[in-house]
Amino acid sequence: MPAPRVSLPGADLARVVVFAAFIAVLGIFPGFYVGGSGVPIIIQNAGPLLVGTILGARRGTAAVVLMLALTAIGLPLLSGGRGGLAPFVGPSGGFLFGWILSALVAGLIVQRSERPGLPVLLLATSAGLLADYAIGIPFLGAYTGDLGAAAVQSLVFVPGDLGKVAATALIAAVVHRALPGTLARPAARSE
């Protein structure tokens, strides 16, 4: 029996496309390399956090997957104009795959809240960042052959990423206050 197709209504599809483009636009800002990790410090990784907290788990994850799929087919949407398959198999590949989990985790936390205020949004963006690290650091460790060194090298990202977590939570709080219907709520179960 084939798996059921999940279709998004037109408005949801439009939001997914717009927010995928938003993540791509964040790639205009070039990354810079610190140390020898081969993973740049970028603004673009704030995109999946913001998308997850604004659109919710399903639509936010779909926006990240769309953006990464367009990158994989060769569009230069990553910071520094990178595109194609090379970024996915290089040192930053795990962090790119982590964006999917990042948007999913942040979206799930926000969707479970009645009114996503700043404390919930800070929790959601922090958990989303940790989800990205949970995939990115082991991937980097496998790439370099040294998980401990990968973890230590990744410490350079923590201060900037904590700033992105705070900024993303603040932006999401403003969006939720201005547009309270933006977040998709899980359907109530009838028993």
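As named in an unreviewed UniProt entry, the chain is Biotin transporter, taken from Prauserella oleivorans. Database annotation for the chain, UniProt heading Subcellular location (unreviewed entry): "Cell membrane".

Enquirer: Can you walk me through the overall build of the chain in this structure?
Expert: A tally of regular secondary structure across the chain gives eight helices and zero strands. Every one of the 191 residues in the chain was classed for burial, and the buried ones make up 44%. Contacts in the chain between residues far apart in sequence, at least 24 positions, make up 71% of those at least 6 positions apart.

Enquirer: How should I be thinking about the layout of surface pockets in this particular structure?
Expert: Approximately 230 Å³ is the volume attributed to the largest pocket. Lining of the largest pocket is provided by ten residues; of these, R115, P116, H176, R177 and P180 occupy positions nearest its centre. Considering each element in turn, the lining of the largest pocket owes the most residues, three residues, to helix α8 (residues 158-178). Within the lining of the largest pocket, the residues separate by chemical class into four nonpolar, two polar and four charged.

Enquirer: Explanation requested: the packing of aromatic side chains in the structure shown.
Expert: Two aromatic rings, taken as a pair, are described by how far apart their centres are and by the angle between their planes. Tallied over the entire structure, the rule returns five aromatic pairs. Both rings, one in F95 and one in Y133, keep their centres 6.3 Å apart while their planes meet at 85°; by these two values the pair is edge-to-face. Placement of F95 in helix α5 (residues 93-111) and of Y133 in helix α6 (residues 118-144) is noted, with a sequence separation of 38 residues between them. You can call F95 buried: its relative accessible area is 9%. According to the relative accessible area criterion, Y133 is buried, its value standing at 12%. Cluster of aromatic residues (ring-pair linked, three or more members): F88, F97 and F139.

Enquirer: Is there a simple way to think about the nonpolar core in this case?
Expert: In a soluble, globular protein the nonpolar side chains are often hidden away together inside. Judged by nonpolar contacts, the single largest core of 27 residues is most densely connected at M67, L68 and W99. When residues of this core are traced back to their parent elements, those giving at least two are α1 (10-26), α2 (46-55), α3 (57-72), α5, α6 and α8. Sequence-distant contacts of M67, defined by excluding residues within four places in its chain, comprise A20, I23, A24, Q44, L77, L78 and W99. Residues I41, Y133, A150 and V165 belong to the second largest nonpolar core, which totals eleven residues.

Enquirer: Quick question: what am I supposed to make of α6 here?
Expert: Residue pairs spaced three or four apart in an α-helix point in one direction, given the helix's 3.6 residues per turn. The terminal C-alpha atoms of α6, which comprises 27 residues, lie 38 Å apart, in line with the 39 Å expected from a rise of 1.5 Å per residue. Of the residues flanking the end of α6, it is G145, one or two places downstream, whose phi is positive at about 85°.

Enquirer: Hey, could you run me through the UniProt feature "transmembrane region" (unreviewed entry) in the chain in this one?
Expert: Residues annotated in UniProt with the feature "transmembrane region" (unreviewed entry) correspond here to residues 12-33, 39-57, 64-82, 88-109, 121-142 and 162-179. Measuring from the first to the last C-alpha atom of residues 88-109 gives 27 Å, for a span that is 86% helix and 0% strand. Between the first and last C-alpha atoms of residues 162-179 the distance is 25 Å; the span itself is 94% helix and 0% strand.

Enquirer: I keep staring at the pattern of salt bridges and nothing clicks. Help me out?
Expert: When the charged atoms of two side chains lie near each other, side chains of opposite charge can form a pair. Overall, the coordinates contain four salt bridges when judged by the stated rule. One salt bridge in this structure joins R15 and D12, with 3.5 Å as the shortest N-O distance. Separated by three residues within a single helix, R15 and D12 lie in helix α1, roughly one turn from each other. For R15, a relative accessible area of 31% puts it in the partly exposed group. Residue classification places D12 among the buried positions, given a relative accessible area of 12%. The residue D161 makes a salt bridge to K164 at a minimum N-O spacing of 3.1 Å. With D161 and K164 both in helix α8 and three residues apart, this pair spans about one turn of that helix. On the accessibility criterion, D161 (5% relative accessible area) is buried. One connected set of salt bridges, linked through shared partners, spans D12, R15, R58 and R59.

About the thresholds
- Residues numbered from 1 in each chain as written.
- Predicted model: local features only at pLDDT ≥ 70, side-chain atom pairs only at ≥ 80, totals over all residues.
- Heavy atoms only, no water.
- UniProt positions renumbered as here; feature names shortened; annotations may be inferred.
- Helix = DSSP H or I, 4+ residues; strand = E, 2+ residues; numbered from the N terminus.
- Buried < 20%, exposed > 50% of the residue type's maximum accessible area, 1.4 Å probe, protein only.
- Contact = heavy atoms within 4.5 Å.
- 1 Å grid on protein atoms, 1.4 Å probe; cavity = no way out; pocket = protein on both sides within 12 Å on 5 of 7 lines; lining within 4 Å.
- Points joined across faces, edges and corners; volume = space filled by probe spheres on them.
- Nonpolar A, V, L, I, M, F, W, Y, C, P; charged D, E, K, R; others polar.
- Phe/Tyr/Trp six-rings, centres within 6.5 Å; stacked < 30°, edge-to-face > 60°.
- Core = buried A, V, L, I, M, F, W, Y, C linked by side-chain atoms within 4.5 Å.
- Expected span 1.5 Å × (residues − 1).
- Salt bridge = Lys/Arg side-chain N within 4 Å of Asp/Glu carboxyl O.

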